[in-house]
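# Structure at a glance
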Amino acid sequence: MTRTAPRICPFCEATCGLTLTVEGARVTGARGDADDVFSKGFLCPKGAAFGAADADPDRLARPLVRRGGRLVEAGWDEAFDAVAAGLRPVVDRYGPGAVGVVLGNPNVHTMAGALYPPVLLGGLGTRSLFTASTVDQMPKHVSSGLLFGDALAVPVPDLDRTDHLLMLGANPLDSNGSLCTAPDFPGRLKALRARGGTLTVVDPRRTRTARLADRHLAIRPGTDALLLAALVQVLFAEGRVDPGRLAGHVTGVADVGAALRDVTPEAVADACDVPAATIRTLARELADAPTAAVYGRVGASTVSLGTLTCWLVDVLNVLTGNLDRPGGAMFPLSATGRAPRPAGPGRGFALGRWRSRVGGHPEAKGELPLAALAEEIDTPPRVPDSGLGDSPIRALVVVAANPVLSAPDGDRLDKALASLDFMVSVDPYLNETSRHAHVVLPPPPPAQSPHYDFAFNALAVRNQVRYTRAAVPLQDGRMAETEILARLVLAATGAHGADPATVDALVVDSTLGKAVADPGARVHGRDPRELAALLTGESGPERRLDMMLRLGPYGDGFGADPDGLTLARLLEHPHGIDLGPLAPRVPEVLKTRSGRIELFPEPIAADLPRLARALDAAPAALVLVGRRHLRSNNSWMHNVRPLTGGTNRCTLHVHPEDADRLGLADGAAARVTAAGGGLAVAVEVTDTVRPGVVSLPHGWGHDRPGTRLGVAGEDPGANVNQLLDGSLLDPLSGTAVLNGFPVTVAPLAAAPAATPS
Ligand SMILES: Nc1nc2c(c(=O)[nH]1)N[C@H]1C(S)=C(S)[C@@H](COP(=O)(O)OP(=O)(O)OC[C@H]3O[C@@H](n4cnc5c(=O)[nH]c(N)nc54)[C@H](O)[C@@H]3O)O[C@H]1N2
Ligand SMILES: Nc1nc2c(c(=O)[nH]1)N[C@H]1C(S)=C(S)[C@@H](COP(=O)(O)OP(=O)(O)OC[C@H]3O[C@@H](n4cnc5c(=O)[nH]c(N)nc54)[C@H](O)[C@@H]3O)O[C@H]1N2
Ligand code: SF4
Ligand SMILES: [Mo]
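Here the structure is a predicted model, which is why all the values come from computation and not from measurement.

About the cut-offs
- Residues numbered from 1 in each chain as written.
- Chains lettered and ligands numbered in written order.
- Predicted model: local features only at pLDDT ≥ 70, side-chain atom pairs only at ≥ 80, totals over all residues.
- Heavy atoms only, no water.
- Helix = DSSP H or I, 4+ residues; strand = E, 2+ residues; numbered from the N terminus.
- Rg over C-alpha atoms; globule rule 2.2 N^0.38 Å.
- Buried < 20%, exposed > 50% of the residue type's maximum accessible area, 1.4 Å probe, protein only.
- Contact = heavy atoms within 4.5 Å.
- Areas by Shrake-Rupley, 256 points an atom, 1.4 Å probe, with all protein chains shown as cover.
- Lys, Arg positive; Asp, Glu negative; His and termini not counted.
- Charge placed at Lys NZ, Arg CZ, Asp CG, Glu CD.
- Pairing = 2+ DSSP bridges.
- Axes fitted to C-alpha atoms, helices over the stretch in contact; angles between N-to-C directions.
- Near = heavy atom within 4 Å.
- Polar contact = N/O pair within 3.5 Å; in protein donor to acceptor, adjacent residues only side chain to side chain.
- Nonpolar A, V, L, I, M, F, W, Y, C, P; charged D, E, K, R; others polar.
- Domains from an automatic or database assignment.
- Expected span 1.5 Å × (residues − 1).
- Salt bridge = Lys/Arg side-chain N within 4 Å of Asp/Glu carboxyl O.
- Core = buried A, V, L, I, M, F, W, Y, C linked by side-chain atoms within 4.5 Å.
- Phe/Tyr/Trp six-rings, centres within 6.5 Å; stacked < 30°, edge-to-face > 60°.
- Lys NZ or Arg CZ within 6 Å of the ring centre and 35° of its normal.
- UniProt positions renumbered as here; feature names shortened; annotations may be inferred.
- Left-handed = near helix turned anticlockwise from the far one by under 90°.
- Buried area = accessible area lost by both parts, 1.4 Å probe.

When its secondary structure is counted, the protein chain shows 26 helices and 29 strands. The C-alpha radius of gyration computed for the protein chain amounts to 25 Å, which stays within 12% of the reference 27 Å derived for 757 residues, consistent with globular compactness. A principal-axis box enclosing the C-alpha atoms of the protein chain has dimensions of 65 × 65 × 60 Å. Across the 757 residues in the protein chain, those meeting the buried criterion constitute 59%. Here the analysis covers contacts within the protein chain between residues at least 6 apart in sequence; of these, 73% occur between residues at least 24 apart. Carbon together with sulfur atoms contributes 53% to the accessible area of the protein chain, which is approximately 26800 Å² in total. Distance between charge centres in the protein chain, computed from 74 positive and 81 negative side chains, equals 1 Å.

What follows is about the sheet that holds strand S1 (residues 2-8). Overall, antiparallel pairing links the 3 strands, which are arranged S1-S2-S3 in an open sheet. The sheet is open, and its two edges are formed by S1 and strand S3 (26-32), each paired on a single side. Strand-to-strand twist of the sheet, defined as the mean angle between neighbouring strand axes without regard to direction, takes the value 30°. Sheet analysis places S1 next to strand S2 (residues 17-23), joined by 7 bridges and oriented antiparallel. Bridged to Ala-5 within S2 is Leu-20.

On to the site of ligand 2. Close to ligand 2 lie 31 residues; Asp-203, Gly-222, Asp-224, His-629 and Asn-634 are nearest. The backbone of Asn-171 places a nitrogen or oxygen atom 2.9 Å from an oxygen atom of ligand 2. Within the side chain of Ser-175, a nitrogen or oxygen atom sits 2.8 Å from an oxygen atom of ligand 2. Computed on the free molecule, ligand 2 has an accessible area of 920 Å², of which 97% lies beneath the protein chains in the complex. Those elements that provide at least two residues to the shell around ligand 2 are helix H7 (172-175) and helix H14 (298-301). Residue composition of the shell around ligand 2, by class: 9 nonpolar, 14 polar and 8 charged. Three or more residues apiece are contributed to the shell around ligand 2 by two domains, here domain 3 (138-331 + 586-610) and domain 4 (620-748).

Taking 1.5 Å per residue, 17 residues should reach 24 Å; helix H20 (residues 501-517) reaches 24 Å between its end C-alpha atoms and fits that length. Residues of H20 that are buried include every one of Val-503, Asp-504, Val-507, Val-508, Leu-512, Ala-515 and Val-516, and no others. Contacts made by the buried residues of H20 are with helix H5 (117-124), helix H19 (481-492), helix H21 (528-534) and helix H22 (540-551).

This part is about the pattern of salt bridges. Counted under the stated rule, the structure contains 44 salt bridges. The closest approach of N and O atoms between Asp-378 and Arg-412, which form a salt bridge, is 2.8 Å. Placement of the pair is Asp-378 in helix H16 (residues 373-378) and Arg-412 in helix H18 (residues 410-418), with a sequence separation of 34 residues. Where Asp-578 meets Arg-462, a salt bridge forms, and the shortest distance between an N and an O atom there is 2.8 Å. Taken together, the residues span a long stretch of sequence, with Asp-578 in strand S19 (residues 577-581) and Arg-462 in strand S18 (residues 462-465) at a distance of 116 residues. The partly exposed category is assigned to Arg-462, whose relative accessible area is 25%.

Let's shift gears to the nonpolar core. In this structure, Leu-168, Leu-260, Trp-311, Ile-597, Leu-599 and Leu-611 are the most contacted members of the largest nonpolar core, which totals 60 residues. Looking at this core, the elements with two or more residues in it are helix H6 (138-148), strand S9 (164-168), helix H10 (224-237), helix H12 (265-272), helix H13 (276-288), helix H15 (306-319) and helix H24 (602-616). Per-element tally for this core: the top contributor is H10, with 10 residues. Excluding residues within four positions of it along the chain, Leu-611 makes contact with Ala-225, Leu-226, Ala-229, Leu-260, Leu-305 and Leu-308. Grouped together as the second largest cluster of nonpolar side chains are 56 residues, Trp-76, Ala-79, Ala-82 and Val-90 included.

The next subject is the packing of aromatic side chains. The final tally for this structure, using the stated rule, is 7 aromatic pairs. On the numbers, 6.2 Å between centres and 25° between planes, the contact of Trp-76 with Phe-80 is stacked. With Trp-76 and Phe-80 both in helix H3 (residues 76-94), this residue pair falls 4 residues apart, about one helical turn. For Trp-76, a relative accessible area of 13% corresponds to the buried category. Judged by relative accessible area, Phe-80 falls into the buried class, the value being 3%. The ring of Tyr-116 has Arg-544 lying over it, and the distance from NZ or CZ to the ring centre is 5.0 Å.

All right, on to the site of ligand 3 then. Ligand 3 sits among Cys-9, Phe-11, Cys-12, Ala-14, Thr-15, Cys-16, Phe-42, Leu-43, Cys-44, Lys-46, Gly-47 and Asn-176. Among the residues forming the shell around ligand 3, the class breakdown is 8 nonpolar, 3 polar and 1 charged.

The next thing to look at is the UniProt feature "domain: 4Fe-4S Mo/W bis-MGD-type" (unreviewed entry) in the protein chain. The UniProt record marks residues 2-58 with the feature "domain: 4Fe-4S Mo/W bis-MGD-type" (unreviewed entry), using the residue numbering of this structure. Annotated as 16% helix and 37% strand, the span residues 2-58 places its first and last C-alpha atoms 25 Å apart.

On to the sheet that holds strand S4 (residues 64-67), then. An order of S5-S4-S17-S16-S15-S6-S7 is seen for the 7 strands of this open sheet, with the pairing classed as mixed. The sheet is open, and its two borders are formed by strand S5 (70-73) and strand S7 (129-131), each paired with just one other strand. Sheet twist, expressed as the average angle between the axes of neighbouring strands with direction ignored, equals 20°. Summarising the sheet, S4 and strand S17 (residues 439-441) pair through 2 bridges and their orientation is antiparallel.

At their nearest, the axes of H3 and H19 sit 8 Å apart, and the two run at 40° to each other. Regarding H3 and H19, the two cross each other, and that crossing is right-handed. Along its contact with H3, which presents Trp-76, Phe-80, Val-83, Ala-84, Leu-87 and Arg-88, the element H19 presents Ile-484, Arg-487, Leu-488, Ala-491 and Ala-492. Split into classes, the residues belonging to the contact of H3 with H19 amount to 9 nonpolar, no polar and 2 charged.

Turning next to the pairing of strand S23 (residues 669-674). With 5 of 6 residues buried, S23 is to be regarded as a mostly interior element. Pairing of S23 with strand S24 (residues 677-685), which is carried by 6 bridges, proceeds in the antiparallel orientation. The residue of S24 that forms the bridge with Ala-670 is Val-681. Counting the residues in the hairpin turn of S23 and S24 gives 2 residues. Bridge analysis of S23 against strand S29 (residues 744-747) gives 4 bridges, and the strand direction is antiparallel. Note that in S29 the partner of Thr-673 across the bridge is Thr-744.

Looking now at the domain arrangement of the protein chain. Along its sequence, the protein chain is organised into domain 1 (1-55 + 452-468), domain 2 (60-126 + 362-450 + 477-498), domain 3 (138-331 + 586-610) and domain 4 (620-748). The straight-line distance from the C-alpha centre of domain 1 to that of domain 2 is 29 Å. Contacts between domain 1 and domain 2 engage 16 residues on the former and 11 residues on the latter. Between domain 1 and domain 2, roughly 1100 Å² of surface is buried when both sides are summed, and carbon and sulfur atoms account for 63% of that area. For domain 1, the biggest contributors to the area lost against domain 2 are Arg-7, Asp-54 and Phe-454; these three give 41% of the whole. Where domain 1 meets domain 2, there are 4 residue pairs in polar contact (both at pLDDT 80 or more). Top contributing element to the side of domain 1 that touches domain 2 by residue count: helix H2 (residues 50-54), with 3 residues.

The structure is reproduced here in structure tokens:
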């Protein structure tokens, strides 16, 4: 029998609503859900391939447990016994810090990834946390933490209403957007232009997004901070600073002007390779536009000046009066977020509350740099057997991460992982990282999981709320990822064997306990047991969702507002509920100690000398940047046949001038070399990259033994991150420099002397 079922797509940040066609337990088709309140029918090739991704025969069907050096299928109880037996002795002997936790990107695309890792970290008490954020958006969190006092308060461009968008280091036509959840990002950009708005794209490559723009600036990689600083300088020099409504809510405006006084367009033009006159024009347009938003993403974040760049993005939004106003850069209000509070001073944001053991890297948002994971494992203690506090990481819990491909120097990490006393991976695939695990716990395919976007609703260009239950019931032998993580929490924290429902019950108790004790909460003074009894839902995670919705900004406050949101009400709306356009949130959103936007925070001031040095640095002859492909997704979708092939290839884009100079022919093999190593790759000569820049996508290199990725292995590609040695970081955020690092490229067939490695 054929039926349809709604399912929010988990494959990228756009969160499109899909209508799945289901036959038995098999998804045979996927189309855009025309009735979805947010995506209105949009889908991309990845969403269309939902069925193929769901049914990939290489997805693991059963847990794997290492026996005699080999990973063999096992039952769930046996697998969790092995997890408890592997982790607890490490905690007991070396302390909780010897257990590292690695959280990868798909955690923001699953309900389990939102609901359980905080409990795991709290229960374990480890500070050895590494996530995809430090190869991605950590600079934005740090910037938001410093400016607004809340690392999660990330302004998003009000795409549907802005008159002017200045976009740096983002290519939403291929990525579908990031830190700006907007189904049909391409359509929204076209609509911006159709209503007379202006789009400027700053990118060293002439991307599909750049081709849509009014203006494309092929900037020299890594210099966006200089460009943005010069825009700020022009605003001050020409008397165009006008924070508008925010004026009474900002401190440090004059300090910013003074600090950047010398960073004129003329001073940065050569470094950025953007004419001074163009920079002046950009600044004036930004100031003069009725509304405007500056937006930077991966190419403006995973660079040496990443935090400064992210900071300058919002400095410009503030100085032009565009922060927190319709058409500018605004703070979404998520249905499971904190209910608005009276404005006032907050606790602020601290950096570097502890440091990594080996490199001394400061924590940011409770995390250490993913680039430092290998050294934290493979560097012996300073004093052997010194006991707690100085132990290398000896055991690792990896959830939805493939750092052997996604982090710098995969070869070193590969060896480090092989040396661990114990490793558990929660992953549907046996891949480059999970092949080192002693236990692999496979989550069910996405059709068998419910979906709610805890993370992306807080980054969406429109306030809305949607929830889809599993489209297909859990099949025999499958365990919900929420239950997998709940059991993992128990096994890791000494409560192995307890009922996984106790994890949810504990969270509910503690959350409601805090809420009723909070004089600002609508449930203040009520009995938490009474509130817990009101929760509905078929499972622990659903009851937790109900609780979060009811305590949240649109919630019913457990009866305080009978028209408010509950899980039951949401379930009556399978295509979601629209909660309206973004609305101003300053000052309520601010949690800085001053209660204001702190425009010139001390850590930023202390980092400015690096900006000055970047002005004078001689540019490298050749640097590498990344790129994404619409039919790819980081490291894990190269195994889905319908998404492979065509232009989705791991080739090195080289500008014709560079190809001539270096003796590289289209289609020929080249050797790329950098500080971390070398790799061989096919050349694609194209003028879509600017001269002096080559581009290679990430997430490739599927040629390691011991994986189970049949399709990906046919065309493995090369791992770009092997070019890095892990030492290049944005110091404030610990984020790896993945864009704009120096490389040399030579024909592979050339004389050996010309191909050092
Ligand atoms: N050079 C370079 N490197 C980069 C980047 C770049 O632009 N250039 N981009 C960086 C960025 S932005 C990111 S976010 C990181 C991503 O890097 P990672 O966080 O490592 O994420 P993925 O590569 O997507 O790997 C995700 C893992 O999760 C598994 N998985 C898939 N679905 C599920 C699920 O439902 N549940 C669970 N438990 N597991 C699942 C996959 O099998 C895979 O093993 O890569 C970074 N690396
Ligand atoms: N199809 C697809 N979609 C994805 C993903 C995927 O792998 N494939 N990954 C998802 C993830 S995890 C993320 S974080 C998002 C990322 O989404 P985006 O931020 O849009 O990332 P990219 O598409 O890599 O675009 C980054 C752009 O920055 C440019 N760039 C590189 N260096 C510089 C520089 O120094 N300055 C400037 N101005 N530009 C530079 C690159 O040429 C590239 O075009 O995409 C998500 N969506
Ligand atoms: S744009 Fe993203 S969310 Fe939408 S269908 Fe494609 S992969 Fe899924
Ligand atoms: Mo990412």
